[in-house]
Amino acid sequence: MDKVLATLHSLAGKRLVIGVPYVWLLLFFVVPFLIVFKISFSWMQPIQPGYAPLFAWVEETQRFVATLNLSNYQVLLQDSLYLSTFLYSVKVAAISTVLCLLVGYPMAYAIARCGPSTRNLFLMLIILPFWTSFLLRVYAWVGLLKTNGVINNTLLALGIIDQPLTLLYTDFAVYIGIVYSYLPFMILPLFSNLEKHDLTLLEAASDLGASPMKAFFKVTLPLSMPGIVAGCLLVFIPAVGEFVIPSLLGRTDQLMIGTVLSAQFFSARNWPVASAVAIVLLLLLLLPILLFQRYQRRELEAAKR
Amino acid sequence: MSQKTIDRSHEYVRIEGVTKRFGDFVAVDNVSLSIFKGEIFCLLGGSGCGKTTLLRMLAGFESPTSGRLLIDGQDMAGIPPYDRPVNMMFQSYALFPHMTVEKNVAFGLEQEGLSKAEIAKRVGEMLDIVRLGDFARRKPHQLSGGQRQRVALARALVKRPKLLLLDEPLGALDKKLREHTQFELINLQEQLGVTFVVVTHDQEEAMTLATRIGVMNKGQIVQVGTPTDIYEFPNSRFVADFIGSVNMFDGQLVEDEPGHVRIRCNELEATVFVSHGISAPPEAKVSVAIRPEKIEMSRSAPVGTENCAKGVVKEIAYMGDLSVYLVRLESGRMVRVTIPNVERHADERIVWEETVHLSWRPSSPVVLTI
Amino acid sequence: MNNRGWFRNGMLGLGLAFLYIPILSMMVFSFNNSRLVTVWDAENSPTLRWYVRLLENDQLLGAAWISVQIAAMTATGAVILGTIAGLVLARFGPFRGRAFLSAMTTAPLVMPEVITGIAMLLLFVSLEQLIGWPEGRGMLTITIAHITFAMAYVTVVVQSRLAGFDDALEEAALDLGAKPATVFFRITLPLIVPALVSGWLLAFTLSWDDVVISQFVSGPGSSTLPMEIFSRVRRGVSPDINALATILVLIVATGVVLSTLYMKHEEKRRLREEQMARSGN
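What this report covers is the structure whose coordinates are included nearby. All values reported here derive from a predicted model rather than from experimental measurement. (Residues numbered from 1 in each chain as written. Chains lettered and ligands numbered in written order. Predicted model: local features only at pLDDT ≥ 70, side-chain atom pairs only at ≥ 80, totals over all residues. Heavy atoms only, no water.)

1. Details of the overall build of chain B
A count of helical and extended segments in chain B gives eight helices and 20 strands. Overall, the C-alpha framework of chain B stretches about 75 × 50 × 40 Å when taken along its three principal axes. Sorting the 370 residues of chain B into buried and exposed places 51% on the buried side. A sequence separation of at least 24 residues applies to 66% of the contacts in chain B between residues at least 6 apart. About 17,200 Å² of surface is accessible on chain B, with carbon and sulfur atoms providing 50% of the total. (Helix = DSSP H or I, 4+ residues; strand = E, 2+ residues; numbered from the N terminus. Buried < 20%, exposed > 50% of the residue type's maximum accessible area, 1.4 Å probe, protein only. Contact = heavy atoms within 4.5 Å. Areas by Shrake-Rupley, 256 points an atom, 1.4 Å probe, with all protein chains shown as cover.)

2. With respect to the nonpolar core
Counting 177 residues, the largest nonpolar core has A:Val244, A:Leu249, C:Phe216 and C:Val217 as its most contacted members. For this core, the element with the most residues is helix H3 (residues 58-91) of chain C, which contributes 15 residues. Split by domain, this core shows at least three residues from each of two domains, domain 1 (62-236) and domain 2 (242-273) of chain C. Setting aside residues up to four positions removed in sequence, C:Phe216 forms contacts with A:Leu261, A:Ser262, A:Phe265, A:Phe266, C:Val114, C:Gly117, C:Ile118 and C:Leu121. The next biggest cluster of nonpolar side chains, apart from the first, holds 46 residues, and it includes B:Tyr93, B:Val123, B:Phe135 and B:Val239. (Core = buried A, V, L, I, M, F, W, Y, C linked by side-chain atoms within 4.5 Å. Domains from an automatic or database assignment.)

3. A closer look at the interface of chain B and chain C
Listed per partner, the contact involves 29 residues of chain B and 25 residues of chain C. Counting each side, the surface lost to burial between chain B and chain C is near 2,400 Å², with a carbon and sulfur contribution of 60%. Looking at the side of chain B facing chain C, the largest losses of area belong to B:Tyr82, B:Phe107 and B:His141, adding up to 27% of the total buried there. Summed over the shared surface of chain B and chain C, the result is two salt bridges. At the boundary of chain B with chain C, the tally comes to eight residue pairs in polar contact (both at pLDDT 80 or more). Elements supplying a minimum of two residues to the side of chain B that touches chain C: helix H1 (51-59), strand S6 (86-89), helix H2 (101-111) and helix H4 (145-157) of chain B. Class assignment of the residues belonging to the side of chain B that touches chain C gives a composition of 15 nonpolar, nine polar and five charged. (Buried area = accessible area lost by both parts, 1.4 Å probe. Salt bridge = Lys/Arg side-chain N within 4 Å of Asp/Glu carboxyl O. Polar contact = N/O pair within 3.5 Å; in protein donor to acceptor, adjacent residues only side chain to side chain. Nonpolar A, V, L, I, M, F, W, Y, C, P; charged D, E, K, R; others polar.)

4. So, the sheet that holds strand S19 (residues 355-359) of chain B
Residue and element names in this part refer to chain B. The antiparallel open sheet is built from five strands, whose spatial order is S15-S19-S16-S17-S18. If you trace the sheet from one side to the other, it starts and ends with strand S15 (296-298) and strand S18 (334-340), each paired once. Going from strand to strand, the sheet's axes swing by 45° on average, the running direction of each strand aside. (Pairing = 2+ DSSP bridges. Axes fitted to C-alpha atoms, helices over the stretch in contact; angles between N-to-C directions.)

5. Overview of a nonpolar patch on the surface
Residues A:Ile95, A:Val98, A:Leu99 and A:Leu102 make up a contiguous nonpolar surface patch of roughly 330 Å² in combined accessible area. As for its placement among the helices and strands, A:Val98 is situated in helix H3 (residues 80-112). (Patch = residues over 30% accessible without salt bridge, like charges linked within 9 Å, V, L, I, M, F, W, Y side chains within 5 Å.)

6. Regarding the pairing of strand S16 (residues 308-318) of chain B
Residue and element names in this part refer to chain B. With five bridges connecting them, S16 and S19 associate as antiparallel partners. Considered in S19, the bridge of Lys-310 is made with His-357. Bridging between S16 and strand S17 (residues 322-329) involves seven bridges; their strand directions are antiparallel. Opposite Ile-316, over in S17, you have Tyr-325 as the bridge partner. Where S16 hands over to S17, the hairpin turn is made up of three residues, of which Gly-320 adopts a positive phi near 95°.

7. Quick word on the interface of chain A and chain C
Chain A puts 88 residues into the contact, and the matching count from chain C is 86 residues. At the boundary of chain A with chain C, total buried surface from both sides reaches about 8,300 Å², with 80% on carbon and sulfur atoms. No other element matches the 19 residues that helix H1 (residues 2-39) of chain A contributes to the side of chain A that touches chain C. When its residues are assigned to classes, the side of chain A that touches chain C shows 69 nonpolar, 14 polar and five charged.

8. A short note on the side chain of A:Ser40
If you trace the backbone, A:Ser40 turns up in the loop between H1 and strand S1 (55-58). With sequence-adjacent residues up to four places away left out, A:Ser40 is seen in contact with A:Asn69, A:Asn72, A:Tyr73, A:Pro272, A:Ser275, A:Ala276 and A:Ile279.

9. With respect to the sheet that holds strand S2 (residues 25-36) of chain B
All names here are of chain B. The strand order S2-S1-S4-S5 describes an open sheet built from four strands, whose pairing is antiparallel. Of all strands in the sheet, those bounded by a partner on one side alone are S2 and strand S5 (74-75). Alignment of strand S1 (residues 11-22) against strand S4 (residues 66-71), held across five bridges, turns out to be antiparallel. Bridge assignment links Ile-15 to a residue of S4, and that residue is Leu-69. The sheet strands contacting H1 are S1, S2 and S4, and the helix crosses S1 at an angle near 120°.

10. Here's the deal with the environment of A:Ile257
Locating A:Ile257 in the fold gives a position in helix H12 (residues 257-267). Leave out the neighbours within four places in its chain, and A:Ile257 touches A:Thr85, A:Phe86, A:Ser89, A:Val240, A:Gly241, A:Val277 and A:Leu281.

11. Comments concerning the pattern of salt bridges
All names here are of chain B. Taken as a whole and judged by the stated rule, the model has 28 salt bridges over all chains. Put simply, Glu-39 and Arg-212 hold a salt bridge, and the shortest N to O gap is 2.7 Å. Taken together, the residues Glu-39 in the loop between S2 and strand S3 (40-44) and Arg-212 in strand S9 (residues 212-217) connect sequence positions 173 residues apart. When sorted by exposure, Glu-39 lands in the same class as Arg-212, which is buried. The network of salt bridges with common partners includes Glu-11, Arg-14, Glu-16, Arg-68 and Asp-75.

Shown next as structure tokens:
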């Protein structure tokens, strides 16, 4: 009997241990999305809490009435502002991701081919800015890109230009900001992939007559595909919903979706429309997020071997 | 070889119809087995044959889907690993990397709540037995492979278990060290009187260590016996093929007497005469298995018309102590023959493309029906 | 080959310059006397006036204190929850709902912050309506929100650390007679301590750095430092922010450099010992 109790005990203990993070994440991560989903179908209400209940008890008819409001989504479809904002956000995120890859790949490659001690030094240098404030690093670019900022002043002083360039509040500034902030997220998965490559593969390729260039494109690049995909997803997904970078560096005539969502929420106080925007954004990113999760699972399984 | 007699009066482990399923996969299939006190019992089989799962069920890390496991007469159902009178030596050794050798060995005793002095005494004794007294303060990463193996052994044995489970105990050692350690293990086992259950995929390891071997295939035990039994009297084509190398010929019974049988094989011109009877239906399809070292090879034709064959040498592999010849018979069938290299000089040896005559004694072939 | 080496190192150098020039320029201009921030006032610089100004700014200092408290609580909470989640995912084998738990712990890693922010806020508003808790929004709600996304990072760190260790270690401890709780405290926990330390620091930084989610779930009187900075820099460049940035960068750089040196030292010692073990027999 004791034995039976002990097994039950350990089983219950196990359940309890699993239950702690499970309940937390359900309550604070999953339920919130359900609430957002629900509110995206309700009417706006000028008083707190800012939205009307979906189900209401109606005295006269003595029954619950569900008021499902699809107009929040209709707004998104009809108002061309939303459509162009979504498209613009995806475009900015995509271009930034590609730029980030172009900058990050050679860096990750160079670090992966270094000796072990210099490798650690470079990795530290890549990660170090990440530990300092993200906001301040974006802000630093304001000082650099301004009309009378460091870049313009330098170029003017060197006589390369005689009129200051408009750098700040442009698409270019947003690309720079995103590449700058997310570069470590691109480099690290690329590095951990490239580091594992068997260098004798390249020797074999050159032994079989491939030029270094050809060996790179036929061997290294295809093998680093998982790292490329992971890095790109880690940059692209958050960049689509980016809010801080476009509000400090971006255009004022074309907003990104994160900015619109915040504006709907804080300035227009239209919570139902903001919720609908969030739901559409989430659906848009669902596929990339699932892809990323698949990658993450594989990485952890590979680490087990 | 520790071919000592087993005391069959003390059945220590009893496995009764144990089956373990993982989803649809049957890892262990209705296994029944008795292991006696003081034995070194080897579970031998290829990867995925269920030997490790069986061992893990004895340790308590898996529980049987059906069937019973008894250790010293006590049913183990529902008893967690930490309450079993069993200890295990892991294939990876599983030494705690953050503890010294001493702490690793003491860990199990600390769980028993022994006094500090008692623990120190027993750890010291045990480390002396495995000759690691000088390494007590080292951490596992500061040890060589052989030393780690001995720490793992000491850690399991210091608890004075009645039954020690060893998962591929020599698998991680190099060949020279492995041979040496085999004999050390046997000595230790005799000295401490512990029953060993060893899981291995290495038949040589099983042959040297075991008092009895249980050969496993696809979750089932296919033969249990002493190393000699298993090698000389395999009970199935699988066992004959799995242990050592063998030449196997398909054939048909043409004469079936209580004292002898004659078998006709398509790949052999002459009939095979076997000087013992078998139990098989008349004209049954059977296999004749002949070990390579039991075949004689010469340039001249043997006397008699049975138990012989003629062929051409196609490959020779010189292994030092012996040479392996591959001979192609007239039927096209390749036969493997091993000849000990008694002479140092190679003048007399048979060479490539020579025509040779093969023969064997009537007692050598094993006739297999399954 | 040499050519390519040159190209590689050139790209690396340019990349690092790209990463560090903005930070360095901020640091340099923090000593600039001019109010114009990016125009160097050679006559009166360098100066510490912005540092003095910063230390007199009670609003920023207060916000920094709030941020430190939130970040410390977040880091501690995230390490506890993340360790449990990482342990469960790495060691508990298959159980019903495992895939879902794993999905819930990786999704926050990439979820755009605006979505997490709005979802969190709406949850707190709904909860308050339903059960009257949490009352209003402030440090508590910020901390809960931060724990939720920071624990995802800790989970990954712990999980991958555990994946690097043989499962058999815990089984060996059980086999030697240790009960599950003993196994956790004497075997598992000591092994993952480095992951817990880096997880704690990571969670602290994530919380300390977050502006978007905090903005959604904060209430009156609970402005964090990033929120304060954000509202300032949105209005334009201000020199005392440069000073603040310089101080932060120096603190972080010192910490990172020290810990890297320590790790390097440990690594060397370990290598030496392994060498010794090999030559020892």
